[in-house]
Amino acid sequence: MIEALDALLATDGYACITLHPRADLGIGRAARITMIERLFERARQRGSGFRLCREVAAEAGRQSGSGAASGSA
């Protein structure tokens, strides 16, 4: 996964990662949590920041001049 992150950041300049908290299907297992911690640390070392989808949508709405992405609908 670290190699995939490096490739995404080098190519697109960003990576969108969605995690599911369920223990049986998602990231909720101890071994997976450790892997994600390493992945996030790698991203921080490369200068990445972390934002929620709603924050990105609100910023996009402000930049486009529409209030639609701000959650006011």
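Not measured: the values here are computed from a predicted model. (Residues numbered from 1 in each chain as written. Predicted model: local features only at pLDDT ≥ 70, side-chain atom pairs only at ≥ 80, totals over all residues. Heavy atoms only, no water.)

Caption draft 1: Spotlight on the overall build of the chain. The number of helices and strands found in the chain is 3 helices and 0 strands. Helices (α) and strands (β) of the chain occur, in sequence order from the N terminus, as α-α-α. Buried residues in the chain amount to 14% of all 73 residues. For the chain, restricting intrachain contacts to residue pairs at least 6 apart in sequence, the fraction spanning at least 24 positions comes to 33%. (Helix = DSSP H or I, 4+ residues; strand = E, 2+ residues; numbered from the N terminus. Buried < 20%, exposed > 50% of the residue type's maximum accessible area, 1.4 Å probe, protein only. Contact = heavy atoms within 4.5 Å.)

Caption draft 2: Representation of helix α2 (residues 30-45). Here α2 contains 16 residues, and its C-alpha end-to-end distance of 23 Å stays within 8% of the 22 Å for a straight helix at 1.5 Å per residue. Of all the residues in α2, the buried ones are I36, L39 and A43. The buried residues of α2 all sit within an arc of 60 degrees when viewed along its axis, so they share a single face. Away from its buried face by more than 90 degrees, α2 exposes A30, A31, R38 and Q45. In this structure, the buried side of α2 is in contact with α1 (2-12). Phi turns positive, to about 90 degrees, at G47, one or two residues after α2. (Expected span 1.5 Å × (residues − 1). Arc of directions from axis to C-beta.)

Caption draft 3: Representation of the pattern of salt bridges. Using the criterion set out here, one finds 4 salt bridges in the structure. Where E41 meets R44, a salt bridge forms, and the shortest distance between an N and an O atom there is 3.7 Å. Linking E41 with R44, this pair stays in helix α2, spanning 3 residues, or about one helical turn. Exposure remark for E41: the relative accessible area of 37% places this residue in the partly exposed category. Residue class for R44 comes out partly exposed when judged on its relative accessible area of 47%. Note that R51 and E59 form a salt bridge whose closest N and O atoms lie 2.4 Å from each other. Residue E59 is classed as partly exposed on the basis of its relative accessible area of 27%. (Salt bridge = Lys/Arg side-chain N within 4 Å of Asp/Glu carboxyl O.)

Caption draft 4: Representation of the nonpolar core in the model. Formed by L5, L9, I27, I36, L39 and A43, the largest nonpolar core amounts to 6 residues. If you list the elements that add at least two residues to this core, you get α1 and α2. Among the elements that make up this core, the one with the highest residue count is α2 (3 residues). The contacts of L5, once residues within four sequence positions are left out, are A15, L39, R42 and A43. (Core = buried A, V, L, I, M, F, W, Y, C linked by side-chain atoms within 4.5 Å.)

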